[in-house]
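Fold and contact review
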Amino acid sequence: MTPEKILYTAEMTSTSGRQGTSSRPDGSFPLALTIPKELGGPGGEGTNPEELFAAGYSACFIGALKLVGRQKKVSLPDDLKVTAKVGMGPVPTGYGLTVELIIHLPGVEPALAQEIVEGAHQRCPYSNATRGNIDVTLTLV
């Protein structure tokens, strides 16, 4: 699904792969990258592509939840949160990902919360990008 018009483009430059760095083209927002121990690396300080994907997906999904809430004229709680768990493991052609989004909408009636979550999953750019490519589980708690 290609957008009709690009409204924003994010740009980061990475060097040296999973043991390197990423930053904006002007050098700001530098990130040290490290391979997790579970994948045979040293772990420790730094982040990795899966954590960055989890951060992006969870933040974007909150935006989609708020959009759907506004459309339904439902005031969502300030303490709503989404935790994204991104798993990685072998597939026949290399490695694949899974995602679980754990959604907390305290104070919202369960049936309405489920409607909002399903609507957000249809609208979120990350959900649209992963649909049919990555198994995404939505867990409403």
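Read on for an overview of the structure. Quick caveat: nothing in here was measured; it's all calculated off a predicted structure.

What counts as what
- One numbering rule holds for all chains: residues counted from 1, following each sequence as written.
- Where local features are concerned, this predicted model is filtered to residues with pLDDT of at least 70; where side-chain atom pairs are given and counted, the filter is 80 or more; whole-chain, interface and lining totals use all residues.
- Note that water and hydrogens are dropped before the side-chain values are worked out from all heavy atoms of the structure.
- By the criteria applied, helices consist of DSSP H or I runs no shorter than four residues and strands consist of E runs no shorter than two, each listed in order from the N terminus.
- Burial classes follow relative accessibility: with a 1.4 Å probe on protein chains only, a residue under 20% of its type's maximum area counts as buried, one over 50% as exposed, and anything between as partly exposed.
- Residues count as neighbours in contact if any of their non-hydrogen atoms are within 4.5 Å of one another.
- Throughout, the Shrake-Rupley method with a 1.4 Å probe supplies accessible areas, and for residues the shown protein chains are the sole cover considered.
- Charge assignment in this entry is limited to Lys and Arg as positive and Asp and Glu as negative, and neither His nor the chain termini are counted.
- For this purpose, a charge sits on NZ of Lys, CZ of Arg, CG of Asp or CD of Glu.
- DSSP bridges decide pairing: two strands pair if at least two such bridges lie between them.

Once that is clear, we can look at the overall build of the protein chain. In terms of helices and strands, the protein chain carries three helices and six strands. Scanning the protein chain from its N terminus toward the C terminus, one meets helices and strands in the order β-β-β-α-β-β-α-α-β. Counting across all 141 residues of the protein chain, residues that qualify as buried make up 31%. Of the contacts made within the protein chain by residues no fewer than 6 positions apart, 48% connect residues no fewer than 24 positions apart. Roughly 9,200 Å² of accessible area belongs to the protein chain as shown, and the carbon and sulfur atoms make up 54% of that amount. Each charge class in the protein chain was averaged separately, 12 positive and 14 negative side chains, and the resulting centres sit 5 Å apart.

Here is the key point about a regular strand: its side chains alternate between the two faces of the sheet. Relative to strand E5 (residues 94-104), strand E4 (residues 81-91) is paired through 11 bridges, and the arrangement is antiparallel. Of the residues in E5, the one forming a bridge with Gly89 is Gly96. Hairpin remark: E4 followed by E5, antiparallel, with two residues in the connecting loop.

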